[in-house]
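One letter stands for each residue in the lines below.
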Amino acid sequence: MFVISFIIIPISFNLQAQTVQFTEKTGLIKYVLGTMGQAKCGVDMNGDGLDNITRIAEDGIHIDFQQVNGQFKHKFYPEHIDVLPEWSICAGDIDDDGINELILGGIFGVSVLRFDPENQLFTEEILPQKIFSQRSTMADINNDGQLDAFVCNDIGKSVAYRNDGTGNLIADNNLIETSPLEGNYSAIWSDFNNDEHIDLYISKCKADAKAGDPVRTNLLYINNGDNTFDEKGRIAGVDDNAQSWTSVVEDFDNDGDMDIFVVNHDQKKNFIAMMDMQFYRSDRKFRNQSIRFRWFRSDRWRF
């Protein structure tokens, strides 16, 4: 007969926050002209597992490729770009070839940049919809295993693009029906109610809209799990009516639920003349003179 004995030794850990220090390293990437005012993108553009820095100019694409030693190697791909990303750029592999495509969102429309590794060149596909794009995003909206796209429109209804399975993006608002109102500034996808279905939060802003105008009320679209979405912003308590520029979704308090950090500003005599900061967590409120922020804490929202 064998007797197995276990000895339990109590071990205690003293976890302390470490000091964080940042060092300015701009010199690692090449200084280039023509990209001022355009959105930038940090993403792996060659499939090696290292994030690169991508900048767009009218005459082509600048990419600083990260090396294994932490240095960067710059390469320029000449290509005339019609849709400059004045407001948005996002990346994702929409054709499943292992190389990320770029969606550019500008004042006059949206385009897709695709890379041909054999010929080492980019080509731009201009999508036909007329959109003042404030934010472009990618997500598998209809849960078919393919990345779709959603582009916020500042001057009308936002546009969803369905991936046809071969990497082509087809405008199809049947993917998700959102408000026809303008002022769509930012979109972010996350599973807000922990049901394993992706939901959508839209930040809204309109310069000439007064407080209380629904054109500036943020929207939360909850996925029903059957490829339909219902707007639940008021029920969830995140129907912020301030002028919202963008939002960040994270589990800030490590309780397993996703929270929303909203960046707002208030319009007074000019666009950002009067600014105020409000930071919301539970019932606590802090004020300071700065841009306005709001944090909506999730208490495991259920709908």
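Residues numbered from 1 in each chain as written. Predicted model: local features only at pLDDT ≥ 70, side-chain atom pairs only at ≥ 80, totals over all residues. Heavy atoms only, no water.

## Examining the sheet that holds strand β4 (residues 72–78)
In plain terms, the rule: What makes two strands pair is DSSP finding at least two bridges between them. Under the scheme used here, helices are H or I runs from DSSP no shorter than 4 residues and strands are E runs no shorter than 2 residues, and both carry numbers assigned from the N terminus. Lines are fitted to the C-alpha atoms to define the axes, a helix being fitted only along its stretch in contact, and any angle between axes, read from their N-to-C directions, falls within 0 to 180 degrees.
Here four strands make up an open sheet; going across it, the order is β1-β2-β3-β4 and the pairing antiparallel. Either end of the sheet is taken by a strand with one partner, and the two such strands are β1 (41–43) and β4. Neighbour-to-neighbour, the strand axes of this sheet turn through a mean angle of 20°, independent of strand direction. With three bridges connecting them, β1 and strand β2 (residues 52–57) associate as antiparallel partners. Its bridge partner being in β2, Val 43 is matched across the sheet by Asn 52.

## Side note on the pattern of salt bridges
As a reminder of what qualifies: When a carboxyl oxygen of Asp or Glu is within 4 Å of a side-chain nitrogen of Lys or Arg, the pair counts as a salt bridge. Using a 1.4 Å probe on the protein chains alone, a residue whose accessible area is under 20% of its type maximum counts as buried, one over 50% counts as exposed, and one in between counts as partly exposed.
As enumerated under the stated definition, the model contains five salt bridges in all. Notably, a salt bridge pairs Asp 64 with Arg 55, separated by 2.5 Å at the nearest N-O pair. Considered together, Asp 64 and Arg 55 belong to a single accessibility category, that of buried residues.

## Here we look at the layout of surface pockets
What counts is decided by this rule: Computed over the protein atoms alone on a 1 Å grid, cavities are sets of points where a 1.4 Å probe fits but cannot get out and pockets are open sets with protein on both sides within 12 Å along at least five of seven lines; a residue lines them when it has an atom within 4 Å of a point. Grid points are joined across faces, edges and corners, and a volume is the space filled by probe spheres set on the points. Put simply, Ala, Val, Leu, Ile, Met, Phe, Trp, Tyr, Cys and Pro go in the nonpolar bin, Asp, Glu, Lys and Arg in the charged bin, and everything else, Gly too, in the polar bin.
Its volume calculated, the largest pocket comes out at about 190 Å³. Forming the walls of the largest pocket are eleven residues, and the residues nearest its centre are Trp 87, Gln 134, Arg 135, Tyr 185 and Trp 245. Classifying every residue of the lining of the largest pocket by side-chain character gives six nonpolar, four polar and one charged.

## What about a nonpolar patch on the surface?
Definition in use: Candidates for patches are residues over 30% relative accessible area with no salt bridge; among them, like charges are joined within 9 Å and nonpolar side chains (Val, Leu, Ile, Met, Phe, Trp, Tyr) within 5 Å. The protein chains shown are the only cover counted for residues, whose accessible areas, like all others here, come from Shrake-Rupley with a 1.4 Å probe.
On the surface, a cluster of nonpolar side chains totalling about 350 Å² of accessible area is made up of Trp 87, Ile 107 and Phe 108. The topology assignment puts Trp 87 in the loop between β4 and β5 (88–92).

## Considering unusual backbone geometry
One non-glycine residue, Asp 96, lies in positive phi territory at about 55°. The phi dihedral of Asn 227 is positive, around 65°, even though this residue is not glycine. Summarising the element assignment, Asn 227 is placed in the loop between β15 (219–223) and β16 (229–231).

## So, the environment of Asn 52
Under the convention used in this document: Contacts were defined at the residue level, with two residues in contact if any of their heavy atoms lie within 4.5 Å. Pairs of N or O atoms are called polar contacts if they sit within 3.5 Å, as long as, within protein, a hydrogen donor faces a hydrogen acceptor (for residues adjacent in sequence, only side-chain-to-side-chain pairs).
When you line up the elements, Asn 52 lands in strand β2. Excluding anything up to four places from it in sequence, Asn 52 contacts Cys 41, Gly 42, Val 43, Asp 44, Met 45, Asn 46, Ile 63, Asp 64, Phe 65 and Gln 66. There is a polar contact of 3.4 Å between the side chain of Asn 52 and the backbone oxygen of Leu 50.

## A short note on the sheet that holds β16
In spatial order, the strands read β13-β14-β15-β16; together these four strands make up an open sheet with antiparallel pairing. Edge positions in the open sheet fall to β13 (184–190) and β16, since each of these has one partner strand only. Within the sheet, the average angular offset between the axes of one strand and its neighbour, ignoring direction, is 20°. Where β15 meets β16, three bridges bridge the pair, whose relative direction is antiparallel.

## What to know about the environment of His 80
Relative to the elements of secondary structure, His 80 occurs in the loop between β4 and β5. Each C-alpha atom of the pair His 80 and Gly 60 lies 5.7 Å from the other, and the pair is 20 residues apart in sequence. Among residues more than four places away in sequence, those in contact with His 80 are Glu 58 and Glu 124.

## Considerations on the side chain of Thr 54
Structurally, Thr 54 can be placed in strand β2. Beyond its immediate sequence surroundings of up to four residues, Thr 54 is in contact with Lys 40, Cys 41, Met 45, Ile 61, His 62, Ile 63 and Leu 102.

## Regarding the environment of Asn 46
Within the element layout of this structure, Asn 46 appears in the loop between β1 and β2. For the pair formed by Asn 46 and Asn 100, sequence separation is 54 residues and the distance between their alpha carbons is 7.7 Å. If we skip the residues at most four places from it in the chain, Asn 46 touches Asn 52, Phe 65 and Ile 99.

## A closer look at the pairing of β4
As judged from the seven bridges shared by strand β3 (residues 60–66) and β4, these two strands associate in the antiparallel manner. Bridge assignment links Gln 66 to a residue of β4, and that residue is Phe 72. Hairpin connection of β3 to β4: five residues between the antiparallel strands, including Gly 70 at a positive phi of 90°.

## What to know about the confidence of the model for the protein chain
Keep in mind that low pLDDT regions are not for reading the predicted coordinates in detail. Quick reminder of the rule: As a per-residue measure, pLDDT tells how confident the predictor is, with possible values from 0 to 100.
Looking at the protein chain, pLDDT values average 84 and 83% of them are 70 or higher. In the predicted structure, residues 1–9 sits below a pLDDT of 50 and forms zero contacts with residues beyond four places in sequence or in another chain. With pLDDT under 50 throughout, residues 267–293 is counted as low confidence; its partners more than four residues away or in other chains account for 64 contacts.

## Quick look at the packing of aromatic side chains
Just so we agree on the cut-off: The aromatic pairing rule takes the rings of Phe, Tyr and Trp, using the six-membered ring of Trp, and pairs them if the centres are within 6.5 Å, calling planes under 30 degrees apart stacked, those over 60 edge-to-face and the rest tilted.
A complete count under the given rule lists six aromatic pairs for this structure. Judged by centre distance (6.4 Å) and plane angle (75°), the rings of Trp 189 and Phe 229 are edge-to-face. Residue Trp 189 is located in strand β13, and its partner Phe 229 is located in strand β16; the two are separated by 40 residues in the primary sequence. You can call Phe 229 buried: its relative accessible area is 12%. Through pairs of rings, three or more aromatic residues link up here, namely Tyr 77, Phe 115 and Phe 122.

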